[in-house]
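Report on the structure
Chain by chain, the residues run as shown.
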Amino acid sequence: MSKNIKEQISCLVKLQGIETDRFNINIRLDKVQGNLEDLDIKLKAFEQEVENETDIIDEIKIQYRRSESDTQENLLRVQKSRVRLGSVKNNKEYQALIKEIEELDNKNSQIEDKMLEYLDYIDETEKQIGFKKKALIAFSKEVEEEKNNVIQKSEEDKRRLVELNREREETLKEIDSPLVDKYNMVRETVGRITIVRVKDSVCLGCNMNMPAQKYNELQRCDSLQFCPHCHRIIYWKNHNERSE
Ligand SMILES: [Zn+2]
(Lines give C-alpha, C1' and ligand atoms only; values in the text may rest on other atoms or scores of the structure.)
Protein backbone atom coordinates (compact mmCIF):
# COMPACT_ATOMS: atom_id res chain seq x y z
CA MET A 1 0.00 0.00 0.00
CA SER A 2 2.53 2.59 1.10
CA LYS A 3 5.31 3.55 -1.26
CA ASN A 4 8.76 2.05 -0.85
CA ILE A 5 11.66 4.19 0.37
CA LYS A 6 12.98 4.85 -3.12
CA GLU A 7 9.61 6.13 -4.29
CA GLN A 8 9.20 8.22 -1.18
CA ILE A 9 12.60 9.81 -1.68
CA SER A 10 11.49 10.70 -5.20
CA CYS A 11 8.49 12.38 -3.59
CA LEU A 12 10.79 14.30 -1.25
CA VAL A 13 12.77 15.54 -4.25
CA LYS A 14 9.52 16.61 -5.85
CA LEU A 15 8.45 18.27 -2.60
CA GLN A 16 11.70 20.20 -2.47
CA GLY A 17 11.21 21.35 -6.08
CA ILE A 18 7.71 22.56 -5.22
CA GLU A 19 8.98 24.39 -2.15
CA THR A 20 11.78 26.05 -4.16
CA ASP A 21 9.24 27.24 -6.73
CA ARG A 22 7.01 28.56 -3.95
CA PHE A 23 9.96 30.35 -2.37
CA ASN A 24 10.95 32.04 -5.65
CA ILE A 25 7.38 33.05 -6.41
CA ASN A 26 6.93 34.54 -2.97
CA ILE A 27 10.12 36.57 -3.41
CA ARG A 28 8.76 37.91 -6.71
CA LEU A 29 5.36 38.68 -5.18
CA ASP A 30 7.00 40.53 -2.30
CA LYS A 31 8.65 42.84 -4.82
CA VAL A 32 5.51 43.64 -6.84
CA GLN A 33 4.33 46.61 -4.76
CA GLY A 34 7.82 48.11 -4.70
CA ASN A 35 8.21 47.64 -8.46
CA LEU A 36 4.90 49.40 -9.12
CA GLU A 37 5.87 52.24 -6.80
CA ASP A 38 9.28 52.60 -8.49
CA LEU A 39 7.58 53.00 -11.86
CA ASP A 40 5.26 55.68 -10.44
CA ILE A 41 8.24 57.49 -8.91
CA LYS A 42 10.09 57.52 -12.25
CA LEU A 43 7.03 58.90 -14.02
CA LYS A 44 6.49 61.54 -11.33
CA ALA A 45 10.15 62.63 -11.60
CA PHE A 46 9.81 63.09 -15.35
CA GLU A 47 6.56 65.05 -14.95
CA GLN A 48 8.22 67.22 -12.33
CA GLU A 49 11.15 67.92 -14.66
CA VAL A 50 8.80 69.17 -17.41
CA GLU A 51 6.83 71.17 -14.86
CA ASN A 52 9.98 72.84 -13.49
CA GLU A 53 11.12 73.88 -16.95
CA THR A 54 7.68 75.28 -17.71
CA ASP A 55 7.85 77.28 -14.46
CA ILE A 56 11.24 78.71 -15.49
CA ILE A 57 9.83 79.73 -18.89
CA ASP A 58 6.89 81.44 -17.20
CA GLU A 59 9.31 83.34 -14.99
CA ILE A 60 11.39 84.44 -18.02
CA LYS A 61 8.20 85.57 -19.80
CA ILE A 62 7.35 87.75 -16.81
CA GLN A 63 10.83 89.24 -16.93
CA TYR A 64 10.45 89.85 -20.66
CA ARG A 65 7.17 91.73 -20.15
CA ARG A 66 8.70 93.75 -17.32
CA SER A 67 11.61 94.74 -19.60
CA GLU A 68 9.16 95.63 -22.33
CA SER A 69 7.26 98.01 -20.09
CA ASP A 70 10.57 99.45 -18.84
CA THR A 71 11.61 100.31 -22.39
CA GLN A 72 8.22 101.89 -23.09
CA GLU A 73 8.51 103.97 -19.97
CA ASN A 74 12.01 105.06 -21.01
CA LEU A 75 10.80 105.91 -24.52
CA LEU A 76 8.08 108.06 -23.05
CA ARG A 77 10.67 109.89 -20.95
CA VAL A 78 12.85 110.36 -24.04
CA GLN A 79 9.90 111.87 -25.91
CA LYS A 80 9.16 114.25 -23.03
CA SER A 81 12.81 115.32 -22.87
CA ARG A 82 12.83 115.93 -26.62
CA VAL A 83 9.77 118.16 -26.28
CA ARG A 84 11.50 120.02 -23.46
CA LEU A 85 14.55 120.52 -25.69
CA GLY A 86 12.49 122.99 -27.72
CA SER A 87 11.95 125.27 -24.76
CA VAL A 88 15.34 125.19 -22.93
CA LYS A 89 16.62 128.52 -21.68
CA ASN A 90 20.34 127.89 -21.53
CA ASN A 91 23.10 125.59 -22.74
CA LYS A 92 23.55 123.89 -19.37
CA GLU A 93 19.93 122.80 -19.34
CA TYR A 94 20.25 121.72 -22.97
CA GLN A 95 23.33 119.60 -22.25
CA ALA A 96 21.61 118.03 -19.24
CA LEU A 97 18.63 117.00 -21.35
CA ILE A 98 20.84 115.63 -24.12
CA LYS A 99 22.75 113.60 -21.54
CA GLU A 100 19.52 112.25 -20.06
CA ILE A 101 18.23 111.25 -23.51
CA GLU A 102 21.52 109.49 -24.28
CA GLU A 103 21.45 107.61 -21.02
CA LEU A 104 17.87 106.50 -21.58
CA ASP A 105 18.72 105.36 -25.12
CA ASN A 106 21.66 103.40 -23.78
CA LYS A 107 19.56 101.81 -21.10
CA ASN A 108 16.94 100.82 -23.63
CA SER A 109 19.43 99.28 -25.98
CA GLN A 110 20.83 97.24 -23.07
CA ILE A 111 17.33 96.14 -22.09
CA GLU A 112 16.54 95.25 -25.70
CA ASP A 113 19.68 93.09 -25.90
CA LYS A 114 18.53 91.30 -22.78
CA MET A 115 15.04 90.88 -24.24
CA LEU A 116 16.50 89.22 -27.32
CA GLU A 117 18.35 86.82 -25.06
CA TYR A 118 15.09 86.08 -23.23
CA LEU A 119 13.34 85.41 -26.53
CA ASP A 120 16.09 83.06 -27.68
CA TYR A 121 15.97 81.24 -24.36
CA ILE A 122 12.16 80.98 -24.42
CA ASP A 123 12.25 79.74 -28.00
CA GLU A 124 14.89 77.09 -27.37
CA THR A 125 13.44 75.94 -24.06
CA GLU A 126 9.90 75.75 -25.42
CA LYS A 127 11.21 73.54 -28.20
CA GLN A 128 12.90 71.31 -25.61
CA ILE A 129 9.76 71.22 -23.50
CA GLY A 130 7.80 70.22 -26.59
CA PHE A 131 10.13 67.27 -27.15
CA LYS A 132 10.00 66.34 -23.49
CA LYS A 133 6.22 66.47 -23.39
CA LYS A 134 6.10 64.06 -26.31
CA ALA A 135 8.65 61.83 -24.60
CA LEU A 136 6.61 62.06 -21.42
CA ILE A 137 3.48 60.83 -23.17
CA ALA A 138 5.44 57.90 -24.62
CA PHE A 139 7.05 57.18 -21.27
CA SER A 140 3.77 57.28 -19.39
CA LYS A 141 2.38 54.75 -21.89
CA GLU A 142 5.45 52.60 -21.32
CA VAL A 143 5.00 52.83 -17.56
CA GLU A 144 1.34 51.92 -17.86
CA GLU A 145 2.24 48.88 -19.98
CA GLU A 146 5.01 47.87 -17.61
CA LYS A 147 2.68 48.17 -14.63
CA ASN A 148 0.09 46.03 -16.37
CA ASN A 149 2.83 43.58 -17.17
CA VAL A 150 3.94 43.43 -13.53
CA ILE A 151 0.35 42.98 -12.34
CA GLN A 152 -0.36 40.32 -14.95
CA LYS A 153 2.77 38.38 -14.01
CA SER A 154 1.91 38.61 -10.34
CA GLU A 155 -1.57 37.25 -11.07
CA GLU A 156 0.04 34.34 -12.91
CA ASP A 157 2.37 33.83 -9.96
CA LYS A 158 -0.54 33.82 -7.55
CA ARG A 159 -2.37 31.23 -9.62
CA ARG A 160 0.78 29.12 -9.83
CA LEU A 161 1.18 29.41 -6.07
CA VAL A 162 -2.30 28.00 -5.51
CA GLU A 163 -1.41 25.13 -7.85
CA LEU A 164 1.89 24.54 -6.06
CA ASN A 165 0.16 24.47 -2.68
CA ARG A 166 -2.22 21.84 -3.99
CA GLU A 167 0.67 19.82 -5.49
CA ARG A 168 2.51 20.12 -2.18
CA GLU A 169 -0.45 18.75 -0.22
CA GLU A 170 -0.78 15.86 -2.67
CA THR A 171 2.92 15.08 -2.55
CA LEU A 172 2.94 15.16 1.24
CA LYS A 173 0.23 12.48 1.24
CA GLU A 174 2.60 10.19 -0.66
CA ILE A 175 5.28 10.32 2.03
CA ASP A 176 5.19 8.66 5.44
CA SER A 177 4.95 11.30 8.13
CA PRO A 178 8.15 10.28 10.03
CA LEU A 179 10.04 10.84 6.78
CA VAL A 180 8.38 14.25 6.33
CA ASP A 181 9.35 15.10 9.90
CA LYS A 182 12.92 14.07 9.23
CA TYR A 183 12.99 16.11 6.03
CA ASN A 184 11.67 19.18 7.86
CA MET A 185 14.20 18.73 10.62
CA VAL A 186 17.12 18.53 8.18
CA ARG A 187 15.65 21.48 6.29
CA GLU A 188 15.74 23.58 9.43
CA THR A 189 19.45 22.88 9.89
CA VAL A 190 20.78 22.95 6.34
CA GLY A 191 18.36 25.31 4.62
CA ARG A 192 16.29 25.03 1.50
CA ILE A 193 18.57 22.55 -0.26
CA THR A 194 17.65 19.64 1.93
CA ILE A 195 17.84 16.62 -0.31
CA VAL A 196 20.56 16.26 -2.92
CA ARG A 197 21.69 13.78 -5.48
CA VAL A 198 24.98 11.95 -5.26
CA LYS A 199 26.57 11.59 -8.66
CA ASP A 200 29.73 9.56 -9.31
CA SER A 201 30.22 9.29 -5.58
CA VAL A 202 30.12 13.09 -5.13
CA CYS A 203 27.46 14.83 -3.02
CA LEU A 204 25.98 17.59 -5.19
CA GLY A 205 25.14 19.54 -2.03
CA CYS A 206 28.71 20.01 -0.83
CA ASN A 207 30.79 18.52 -3.68
CA MET A 208 32.56 16.15 -1.28
CA ASN A 209 33.32 12.54 -2.02
CA MET A 210 31.35 9.74 -0.41
CA PRO A 211 33.23 7.01 1.44
CA ALA A 212 32.98 3.81 -0.65
CA GLN A 213 30.93 2.03 1.98
CA LYS A 214 28.40 4.88 2.09
CA TYR A 215 28.16 4.99 -1.68
CA ASN A 216 27.42 1.28 -1.81
CA GLU A 217 24.69 1.61 0.81
CA LEU A 218 23.22 4.56 -1.06
CA GLN A 219 23.06 2.64 -4.34
CA ARG A 220 20.90 0.00 -2.72
CA CYS A 221 18.19 2.65 -2.38
CA ASP A 222 16.54 0.86 0.52
CA SER A 223 17.16 3.29 3.37
CA LEU A 224 17.32 6.97 4.17
CA GLN A 225 20.94 8.18 3.84
CA PHE A 226 22.68 11.38 4.85
CA CYS A 227 25.82 13.02 3.51
CA PRO A 228 28.55 12.53 6.14
CA HIS A 229 29.90 16.00 5.30
CA CYS A 230 26.93 18.38 4.88
CA HIS A 231 24.30 16.19 6.56
CA ARG A 232 21.77 16.65 3.80
CA ILE A 233 19.51 13.80 2.79
CA ILE A 234 21.16 12.13 -0.20
CA TYR A 235 19.85 9.92 -2.98
CA TRP A 236 21.31 8.11 -5.93
CA LYS A 237 19.97 7.66 -9.39
CA ASN A 238 20.87 5.07 -11.94
CA HIS A 239 22.38 6.72 -15.02
CA ASN A 240 19.57 5.25 -17.11
CA GLU A 241 17.03 7.17 -15.07
CA ARG A 242 16.14 10.72 -16.02
CA SER A 243 18.23 13.14 -13.98
CA GLU A 244 16.71 15.96 -11.94
ZN1 LIG B 1 27.09 16.77 1.16
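Residues numbered from 1 in each chain as written. Predicted model: local features only at pLDDT ≥ 70, side-chain atom pairs only at ≥ 80, totals over all residues.

**Comments concerning the domain arrangement of the chain**
If you check the domain split of the chain, you get domain 1 (27-173) and domain 2 (177-236). Placing a centre on the C-alpha atoms of domain 1 and another on those of domain 2 gives a separation of 65 Å. (Domains from an automatic or database assignment.)

**Details of the sheet that holds strand S3 (residues 225-226)**
The strand order across the open sheet formed by four strands is S2-S1-S4-S3, and the pairing between neighbours is mixed. Edge strands, defined here as strands with exactly one partner in the open sheet, are strand S2 (202-203) and S3. As defined by bridge partners, S3 adjoins strand S4 (residues 233-236) across two bridges and the pair is classed as antiparallel. Paired with Gln225 across the strands is Ile234, a residue of S4. Along the sheet face, helix H4 (residues 212-220) touches strand S1 (195-199), S3 and S4 and points at about 70 degrees away from the line of S4. (Pairing = 2+ DSSP bridges. Helix = DSSP H or I, 4+ residues; strand = E, 2+ residues; numbered from the N terminus. Contact = placed C-beta atoms within 7 Å. Axes fitted to C-alpha atoms, helices over the stretch in contact; angles between N-to-C directions.)

**Looking at the pairing of S1**
Taken together, the four bridges between S1 and S4 define a ladder with parallel strand orientation. In the strand pairing of S4, Arg197 is matched with Tyr235. The pairing of S1 with S2 spans two bridges and is classified as antiparallel. Its bridge partner being in S2, Val198 is matched across the sheet by Cys203. Here S1 folds back onto S2 in antiparallel fashion, the turn holding two residues, of which Asp200 has a positive phi close to 50 degrees.

**Here we look at unusual backbone geometry**
Positioned with a positive phi, Asn207 is a non-glycine residue whose angle comes to about 60 degrees. Turning to its location among the elements, Asn207 is positioned in the loop between S2 and H4. Residue Asn207 is classed as exposed on the basis of its C-beta count, with 9 C-beta atoms lying within 10 Å. Unusually for a residue other than glycine, His231 sits at a positive phi of about 65 degrees. Its location among the elements puts His231 in the loop between S3 and S4. According to the C-beta neighbour criterion, His231 is partly exposed, with 13 such atoms within 10 Å. (Buried ≥ 20, exposed ≤ 12 C-beta atoms within 10 Å, placed from the backbone.)

**Remarks on the packing of helix H1 (residues 5-85) against helix H2 (residues 91-173)**
Where H1 contacts H2, the axes come no closer than 6 Å and their chain directions differ by 165 degrees. The pairing of H1 with H2 is recorded here as roughly antiparallel in orientation. Seen along the crossing, H1 lies across H2 with a hand that is left-handed. The residue makeup of the contact of H1 with H2, split by class, is 34 nonpolar, twelve polar and 27 charged. (Parallel < 35°, antiparallel > 145°, perpendicular 65-115°, else oblique. Left-handed = near helix turned anticlockwise from the far one by under 90°. Nonpolar A, V, L, I, M, F, W, Y, C, P; charged D, E, K, R; others polar.)

**Regarding the environment of Ile18**
Tracing the backbone through its elements, the reader meets Ile18 in helix H1. By C-beta crowding, Ile18 is classed as buried, having 20 other C-beta atoms within 10 Å. Not counting the four nearest positions on each side in its chain, Ile18 is found in contact with Leu164, Glu167, Arg168 and Thr171.

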